[in-house]
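Observations on the three-dimensional arrangement
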Amino acid sequence: MELQNKVAVVTGGASGLGRAACDQLAAAGVKVAIFDLNEELAQEAVQALGPDKVRYQRVDVSDEQSVATAIADTVDVFGAIHLCVNCAGIGSAGKVLNRDNEPLPLAAFEKTLAVNLTGTFNVARLAAAQMAKNPPQGEAGERGVIINTASIAAYEGQMGQCAYAASKGGIVGLTLPMARDLATLGIRVNTIAPGIMGTPLMRAAPQQVQDNLVAAIQFPKRMGLPAEFGSLVVHIASNTYLNGETLRLDGGIRMQAR
Ligand SMILES: NC(=O)c1ccc[n+]([C@@H]2O[C@H](COP(=O)([O-])OP(=O)(O)OC[C@H]3O[C@@H](n4cnc5c(N)ncnc54)[C@H](O)[C@@H]3O)[C@@H](O)[C@H]2O)c1
């Protein structure tokens with residue numbers, strides 16, 4: 001899709017990978033609506049990128065009404081939605097049984113699924129309903145592009161990652177059927193599965209933990225840069241032949257059991 005003057009919704013756009021996607025989409029001439037819970041960081045992005053091009057709406061992606069209201073507001077202000085980039089997500093850790101062999105509270109599992117998996121589907125479905133109203137663009141007749149964020153934990157979940165890995169595996173699983181459902185409308189769906197990315201969250205981990213993770217990366221021997229995620233978002237949005245696929249962005253890492 002030609003990106004100039006298009007409109008993107010970026011969930012989780014206030015921080016980390018989502019913020020990098022906002023930066024690079026805005027640089028490509030896209031108007032961006034940030035859907036996030038973190039108002040302070042989101043406002044920083046709006047100020048840095050320009051309030052005429054980037055807006056913020058306080059949204060909980062797992063809440064149907066919250067997303068529906070923000071989608072309608074985005075269309076009111078920017079006129080349409082062409083791109084949906086789902087980056088909002090939460091980490092979670094907890095083994096099936098703790099040290100005393102007590103089971104993980106079901107609420108902890110459900111919360112991770114609600115934000116990461118249900119939240120991704122919720123925003124994608126409501127954005128797709130708007131994309132369906134767009135006139136077809138270009139030779140292929142594209143109406144929209146949806147880009148989700150999974151994780152390598154979808155394939156190689158670690159100890160204590162049942163909930164997180166299940167939520168990300170669900171995103172990988174819905175990618176192809178969603179692309180099939182929306183194909184006749186000219187809406188493409190792809191997912192990025194990042195590896196160890198140098199977001200503030202990851203850089204806050206103890207140095208030893210960071211060093212151990214980096215040691216397992218094939219090449220280059222460093223964390224991925226948020227900007228490398230942002231440029232892949234722009235590439236997927238621009239490359240009309242990419243569809244129904246999950247792309248690992250991970251320096252070749254394949255996590256082993258600890
Ligand atoms: N950083 C990594 O190494 C890495 C690796 C693999 C996958 N991921 C995935 O990439 C995505 C972004 O990760 P990040 O490292 O940039 O994290 P981050 O914490 O920096 O950003 C996540 C953003 O999502 C927002 N958010 C959380 N819950 C929300 C909700 N219910 N509704 C709306 N917004 C909400 C947060 O406020 C935050 O701004 C996540 O889905 C994460 O699972 C990250």
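Report follows, based on the coordinates. Please read all numbers here as calculations on a predicted model, not as lab measurements.

Focus on the site of the ligand
Close to the ligand lie 27 residues; Ser15, Leu17, Asp36, Tyr164 and Lys168 are nearest. Taking valine 61, its main chain carries an N or O atom lying 3.0 Å from a nitrogen atom of the ligand. Between cysteine 87 and the ligand, the recorded distance is 3.2 Å, taken from a backbone N or O atom to an oxygen atom. Relative to its free-state accessible area of 830 Å², the ligand is covered by the protein chains to the extent of 89%.

A short note on unusual backbone geometry
Residue proline 220 follows phenylalanine 219 across a cis peptide bond; omega there is -5 degrees. With respect to the helices and strands, proline 220 occurs in the loop between helix H7 (207–215) and helix H8 (226–238). Of note in the backbone geometry, asparagine 5 takes a positive phi value of approximately 65 degrees without being a glycine. Note that asparagine 5 resides in the segment before strand E1 (7–11).

Looking at the packing of helix H4 (residues 106–131) against helix H5 (residues 162–182)
Look at H4 against H5: their axes get within 8 Å of each other, and the N-to-C directions meet at 20 degrees. By the criterion of interaxial angle, the relationship of H4 to H5 is roughly parallel. The two elements H4 and H5 cross, and the hand of that crossing is right-handed. Between H4 and H5, the contacting residues are Phe109, Thr112, Leu113, Asn116, Leu117, Thr120, Phe121, Ala124 and Ala128 on the first element and Cys162, Ala163, Tyr164, Ala166, Ser167, Lys168, Gly170, Ile171, Leu174, Met178 and Leu182 on the second. The residue makeup of the contact of H4 with H5, split by class, is 14 nonpolar, five polar and one charged.

What about H4?
A rise of 1.5 Å per residue sets the reference length of H4, with its 26 residues, at 38 Å; its end C-alpha atoms lie 36 Å apart and thus fit the reference within 8%. Along H4, the helix axis deviates most sharply at alanine 114, where the bend reaches about 40 degrees.

Definitions and limits used
- What you see as residue numbers is a count from 1 along each chain, following the sequence as written.
- It should be noted that, the model being predicted, local features are given only for residues of pLDDT at least 70 and side-chain atom pairs only at 80 or more, the latter also being counted only at that level, while totals for whole chains, interfaces and linings use all residues.
- Calculation of side-chain values draws on the structure's entire complement of heavy atoms; hydrogens and water are dropped beforehand.
- It suffices for a single heavy atom of a residue to lie within 4 Å of a molecule or strand for the residue to be listed as near it.
- Pairing of N or O atoms within 3.5 Å defines a polar contact, subject to two protein rules: one partner must be a possible hydrogen donor and the other a possible acceptor, and residues neighboring in sequence count only if both atoms are side-chain atoms.
- Computed by Shrake-Rupley with a 1.4 Å probe, the accessible areas treat only the displayed protein chains as cover when residues are assessed.
- Numbering of helices and strands starts at the N terminus; helices are DSSP runs of H or I of at least 4 residues and strands are runs of E of at least 2.
- Axis lines are fitted to C-alpha atoms, over the contacting stretch for helices. Their N-to-C directions set the angle, which ranges from 0 to 180 degrees.
- To sort the angles, those under 35 degrees are grouped as roughly parallel, those over 145 as roughly antiparallel, those from 65 to 115 as roughly perpendicular, and the leftovers as oblique.
- For a crossing to be left-handed, the near helix must be turned anticlockwise from the far one by less than a right angle; the clockwise case is right-handed.
- Residues are treated as being in contact if the distance between any of their heavy atoms lies within 4.5 Å.
- Residues were grouped as follows: Ala, Val, Leu, Ile, Met, Phe, Trp, Tyr, Cys and Pro as nonpolar; Asp, Glu, Lys and Arg as charged; and all remaining residues, including Gly, as polar.
- A helix's residues, less one, multiplied by 1.5 Å, set its expected span.
- Take the seven residues that end at a residue and the seven that start at it, fit an axis to each, and the angle between those axes is the bend at that residue.

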